[in-house]
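Residue-level listing of the chains:
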Amino acid sequence: MLNQKRVAMSLGLTVIASMLLGACAPTSGTPAIAATAQVIIQTQIVTVAGTPEVHEVVVTATPGAVEEMPAGEYNSADPTSYLHVTFGDIDTLDPALDYETAGGTVLINRLYRK
């Protein structure tokens, strides 16, 4: 009995010590990736008057600015209505096939809480 307690105690202290050492370890200095413009040259073959012509088009792809919505801007025209904002679309309302959040919320609120 005493031997089992010693083994359990030493194992527990080892786990706690490894968690503390892991939490105090320095983080990797990975820099954030900045968005840069990419220049892509696309070759298009265009048929003009029965003869094919080759055109090279330079396409510059730059990411657009992300527009953030300020908090509290989701107001309804009717103050007595409840607005629940979620992401994505509902794939299915079949409880056996639903594994995504939007459909699961509808299923729990509409089907199971009646």
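Cut-offs applied
- Residues numbered from 1 in each chain as written.
- Predicted model: local features only at pLDDT ≥ 70, side-chain atom pairs only at ≥ 80, totals over all residues.
- Heavy atoms only, no water.
- Helix = DSSP H or I, 4+ residues; strand = E, 2+ residues; numbered from the N terminus.
- Buried < 20%, exposed > 50% of the residue type's maximum accessible area, 1.4 Å probe, protein only.
- Areas by Shrake-Rupley, 256 points an atom, 1.4 Å probe, with all protein chains shown as cover.
- 1 Å grid on protein atoms, 1.4 Å probe; cavity = no way out; pocket = protein on both sides within 12 Å on 5 of 7 lines; lining within 4 Å.
- Points joined across faces, edges and corners; volume = space filled by probe spheres on them.
- Nonpolar A, V, L, I, M, F, W, Y, C, P; charged D, E, K, R; others polar.
- Contact = heavy atoms within 4.5 Å.
- Polar contact = N/O pair within 3.5 Å; in protein donor to acceptor, adjacent residues only side chain to side chain.

## Here we look at the overall build of the protein chain
Helix and strand content of the protein chain: 2 helices and 2 strands. By residue count, 4% of the 114 residues in the protein chain fall in the buried class. Put simply, the protein chain shows about 10700 Å² of open surface, and 61% of that area lies on carbon and sulfur atoms.

## What about the layout of surface pockets?
What the largest pocket holds in volume is close to 280 Å³. Residue composition of the lining of the largest pocket, grouped by class: 4 nonpolar, 6 polar and 1 charged.

## Examining the environment of I45
Locating I45 in the fold gives a position in strand β1 (residues 38–48). What makes I45 exposed here is its relative accessible area of 64%. Between the alpha carbons of I45 and H55 there is a distance of 6.2 Å; along the sequence they are 10 residues apart. Setting aside anything within four residues of it in sequence, one finds I45 in contact with P52, E53 and V54.

## A closer look at the side chain of D98
Along the chain, the position of D98 falls in the loop between β2 (51–61) and α2 (101–112). Here D98 falls in the buried class, since its relative accessible area comes to 11%. Among the polar contacts made by the side chain of D98, one reaches the main-chain amide nitrogen of G104 at a distance of 2.7 Å. Setting aside residues up to four positions removed in sequence, D98 forms contacts with T92, G103, G104 and L107.

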